[in-house]
Amino acid sequence: MEKADFLDKINKIKLIISDVDGILTDATIHIHSDGIESKQFTVHDGAGSATARIAGIPIALLSGRYSEATTIRAREMGIPHCFQGKLNKIEDFVKLCEIYNVSADEVAYIGDGLIDIPVIEKSGIAFSPPNSHPLILEMTDVITKRSGGTGVLQEVVEFILKAQNRFDETIIKMRKEVYKG
Ligand SMILES: [Mg+2]
C-alpha cells in the first residue's frame, strides 16, 4: 500500500474494535478444576483504552468465545460494548458500526485468528500481532511489534493517534484530566 493511501485510511479511523483472545491475552485460557476459568490481561491495554477515551476514539470488543473474565475486564477498562459468543462476527461488527454511527472504513480492527477474516476484510484498516495465524499475517495491514497479551491494544491506539497527529495533544489532555499536571 502506498504511504499516502495508508495515511488516508488511518485518518478516517473513528472506532477501534478488538478481538480478545490472542490480542488482549496471549490466547491462553486457564480452566481450573472447579470449572472456573481465568485469563491474564495487561495493564498496558487498560492504559491504552484510557488514552483512546481521552482522544475520543471509542473501543469495542468482539470475541467469538464467551468468557465471564472478558466481561469483567471490559467493564474494568470502561468498554461499554463487549460482544461475545458468536463465531460469525460480521453481525455484531455491523451492530457496533450502527451504535457508534460510523461506516466500516472508519473502523480499525485488531484480530489474530481465522474467524477474524470477514471483519478484517470489512474494516478500514486491520492490525494483527506477530503471533497471529499465518493467513492473517498475509492479509492484515499492520503487524504490531507487541504480541498478544503484552499491550497490542495500547500500541494500536498510540499508532493511530500518532498517524493522525493527535498523540501529543492527547497526552497533554491526559496530563490535565488525569494527573492535573
Ligand atoms: Mg483471537
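Look above for the structure.
The following paragraphs examine the structure supplied in this document.

Rules and cut-offs
Residues numbered from 1 in each chain as written. Predicted model: local features only at pLDDT ≥ 70, side-chain atom pairs only at ≥ 80, totals over all residues. Heavy atoms only, no water. Core = buried A, V, L, I, M, F, W, Y, C linked by side-chain atoms within 4.5 Å. Buried < 20%, exposed > 50% of the residue type's maximum accessible area, 1.4 Å probe, protein only. Helix = DSSP H or I, 4+ residues; strand = E, 2+ residues; numbered from the N terminus. Contact = heavy atoms within 4.5 Å. Donors = N, O, S within 2.8 Å, 3.2 Å for Na, K, Ca; no water. Phe/Tyr/Trp six-rings, centres within 6.5 Å; stacked < 30°, edge-to-face > 60°. Pairing = 2+ DSSP bridges. Axes fitted to C-alpha atoms, helices over the stretch in contact; angles between N-to-C directions. Salt bridge = Lys/Arg side-chain N within 4 Å of Asp/Glu carboxyl O.

Counting 27 residues, the largest nonpolar core has I16, I110, F127, L153 and I160 as the members making the most contacts within it. For this core, the elements supplying multiple residues, two or more each, are helix 1 (3–11), helix 2 (43–55), strand 4 (59–63), strand 6 (107–110), strand 7 (125–128) and helix 7 (152–163). Among the elements that take part in this core, helix 7 stands out by supplying 6 residues, more than any other. Excluding residues that lie within four positions of it along the chain, I160 makes contacts with I10, I13, I16, I57, A108 and F127. If you look at the next biggest cluster of nonpolar residues, it comprises 15 residues, including L15, C97, V107 and A126.

On the protein side, the magnesium ion has D19 (OD), D21 (O) and D112 (OD) as donor atoms, found 2.1 to 2.2 Å from it. We note that the donor set of the magnesium ion lies within a single chain, spaced as D-x1-D-x90-D. Pair noted here: D19 is in the loop between strand 1 (15–18) and strand 2 (30–31) and D112 is in the loop between strand 6 and helix 5 (117–122), with a separation of 93 residues, a long-range link. Across the pair, exposure class does not vary: D19 and D112 are buried alike.

Per the counting criterion, the structure on display carries 2 aromatic pairs. Their ring planes at 85° and their centres at 6.1 Å tell us that F6 and F159 sit as a pair that is edge-to-face. Here F6, found in helix 1, pairs with F159, found in helix 7; they are 153 residues apart in sequence, far enough to count as distant. Between F127 and F159 the ring centres are 5.4 Å apart and the planes differ by 80°, which places this aromatic pair in the edge-to-face class. Of the two residues, F127 sits in strand 7 while F159 sits in helix 7, which places them 32 residues apart along the sequence.

This next bit is on the sheet that holds strand 6. Overall, parallel pairing links the 6 strands, which are arranged 5-4-1-6-7-8 in an open sheet. Since the sheet does not close on itself, it has two edges, and those belong to strand 5 (82–84) and strand 8 (142–143), each with one partner. Bridge count for strand 4 against strand 5 is 3 bridges, and the pairing is parallel. If you follow L62 over to strand 5, its bridge partner there is F83. Packed onto the sheet, helix 4 (residues 90–99) meets strand 1, strand 4, strand 5 and strand 6 and runs at close to 165° relative to strand 5.

With that out of the way, let us pick up the pattern of salt bridges. Under the definition given, this model contains 11 salt bridges. Of the charged contacts in the structure, one is a salt bridge between D105 and K12, with a shortest N-O distance of 3.9 Å. With D105 in the loop between helix 4 and strand 6 and K12 in the loop between helix 1 and strand 1, this residue pair connects regions lying 93 residues apart in the sequence. For D105, a relative accessible area of 36% translates into the label partly exposed. Look at K12 and you get partly exposed, because its relative accessible area is 37%. Residues E76 and R73 are paired through a salt bridge, measuring 2.8 Å at the closest nitrogen-oxygen approach. Taken together, the residues span about one helical turn, with E76 and R73 both in helix 3 (residues 68–76) at a distance of 3 residues. A relative accessible area of 61% places E76 in the exposed class. What you see here is one network of salt bridges that share partners, running through K86, E91, D92 and K95.

Turning to unusual backbone geometry, a few remarks are in order. A positive phi angle is found at A27, which is not glycine, with a value near 85°. Residue placement: A27 occurs in the loop between strand 1 and strand 2. If you check the backbone angles, N165 has positive phi at about 60° while not being a glycine.

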